[in-house]
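Analysis of the macromolecular model
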Amino acid sequence: MKLINRQIAALLKDPSKNITVLTGAGISAESGIPTFRGPEGYWTIGAKVYMPQEIATLAMFRQEPQEVWEWYLYRLGVCLDAKPNAGHSAIADMERKLGHRFTLITQNIDNLHIRAGNSLEKTYQIHGNINFTRCAKRCISALFSLPDALRKKRQHKALHSNEIELLRCASCGSWLRPHVLWFDEYYDEEYSRFDSSMARAATTDLLIVVGTSGATALPNNIVTMVYQQGKTIIDINPEKNPFSELASASPDGAYINQRSSSVLPLLAEYCPV
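Residues numbered from 1 in each chain as written. Predicted model: local features only at pLDDT ≥ 70, side-chain atom pairs only at ≥ 80, totals over all residues. Heavy atoms only, no water.

**Description of helix α5 (residues 65-81)**
Every α-helix winds through 3.6 residues per turn, so residues three or four apart in the chain are directed the same way. Rules: Numbering of helices and strands runs from the N terminus, with a helix taken as a DSSP run of H or I at least four residues long and a strand as a DSSP run of E at least two residues long. One less than the residue count of a helix, multiplied by 1.5 Å, gives the span that helix is expected to have. Exposed residues in this analysis have more than 50% of their type's maximum accessible area, buried residues have under 20%, and partly exposed residues fall in between, with area computed by a 1.4 Å probe over protein chains only.
Under the 1.5 Å per step criterion, the end-to-end length of α5 is 24 Å for 17 residues, consistent within 8% with the ideal 24 Å. Judged by how many residues are buried, α5 sits mostly within the fold: 13 of 17 residues are covered.

Following this line, the structure appears as structure tokens:
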């Protein structure tokens, strides 16, 4: 079966058509980063084991800020050890070729898209970026780069007092928090690009969905809007998911049961230089 049909190729080549790529954990799993909800994500506090859905919450941060930071710093180390794969590189290539026609919306906080060459301007990081922090009390809204002294792979080890000081807001002295969207928080425009993402969905002619399970609200809203407008959707995922049927039912769309690192370079080849 030919993976890229003539109609999809035509959309990629047509200078009047907008292309949006929506990525989830699956693309980064090919770089060795465990999926967020996988069994590798557990963390132990005292004698109790917590899963990501429990520890990655504002409620847990308010209760155990140091423990939450220790978990995120371990995850950061995993992300820093990983390298962008052929799928990431192909998406960066698509941005270079498509220019203003292109937008990337990613659920991934690992920064691999940016490291592969996608621009911050054209990349909507709707779940944040683990490399940045912000004031937990929101005394200011600015983002801060995580200090270099904390950017190393960790096992389950306690933060030292001098490291904790690096995680204090310089303006008000309260904890800094990871720049991520937690399970008990809502999408907004300032940090999650909600309005921008929905506006982009409204003008999308081809939506390429990559490695996402459809478990969060904004990606579901994006895919649903594109589908309801009668536009084309491709779902690239080794496993069927809620978006597979919508993609297959969309005009000239398809569910492609392949690894993204194999399919995305083929799509990039159809983009005009």
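**Overview of the packing of helix α6 (residues 86-98) against helix α13 (residues 260-270)**
Defined as follows: Only the contacting stretch of a helix is used when fitting its axis, a line to C-alpha atoms as for every element, and angles between N-to-C directions run 0 to 180 degrees. Note on angle classes: values under 35 degrees are labelled roughly parallel, values over 145 roughly antiparallel, values of 65 to 115 roughly perpendicular, and the remainder oblique. Take the far helix as your reference; a near helix turned counterclockwise from it by less than a right angle gives a left-handed crossing, and one turned clockwise gives a right-handed crossing. Contacts are assigned to residue pairs with any non-hydrogen atoms lying within 4.5 Å of each other. The nonpolar class holds Ala, Val, Leu, Ile, Met, Phe, Trp, Tyr, Cys and Pro. Asp, Glu, Lys and Arg form the charged class, and all remaining residues, Gly among them, are polar.
Put simply, α6 and α13 touch, their axes get as near as 7 Å, and they point 20 degrees apart. Overall, the two elements α6 and α13 adopt an arrangement that is roughly parallel. Crossing of α6 over α13 shows left-handed handedness. Between α6 and α13, the contacting residues are Ala-86, Gly-87, Ala-90, Ile-91, Asp-93, Met-94 and Lys-97 on the first element and Ser-260, Ser-261, Leu-264, Pro-265, Ala-268 and Glu-269 on the second. Grouping the constituent residues of the contact of α6 with α13 by class yields seven nonpolar, three polar and three charged.

**What about the sheet that holds strand β8 (residues 176-180)?**
The test is simple: Any two strands with at least two DSSP-identified bridges between them are counted as paired.
The three strands are arranged β7-β6-β8 in an open sheet whose pairing can be described as antiparallel. One side of each edge strand has no neighbouring strand; the edge strands of this open sheet are β7 (144-145) and β8. Across two bridges, strand β6 (residues 128-135) lies against β7 in antiparallel orientation. Looking at the pairing, Phe-132 lines up with Ser-145 of β7. Its contacts with the sheet place α5 against β6 and β8, and it is angled at close to 145 degrees to β6.

**A short note on the packing of helix α11 (residues 217-228) against helix α12 (residues 242-249)**
In a packed pair of helices, the relevant descriptors are the angle between the two axes and the axis-to-axis distance. Where α11 contacts α12, the two axes come as close as 10 Å, and the packing angle between them is 15 degrees. Considered as vectors, α11 and α12 are oriented roughly parallel to each other. As α11 runs across α12, the sense of the crossing is left-handed. For the pair formed by α11 and α12, the contact residues are Pro-219, Asn-220, Val-223 and Tyr-227 on the first element and Phe-243, Leu-246 and Ala-249 on the second. Counted by class, the contact of α11 with α12 contains six nonpolar, one polar and no charged residues.

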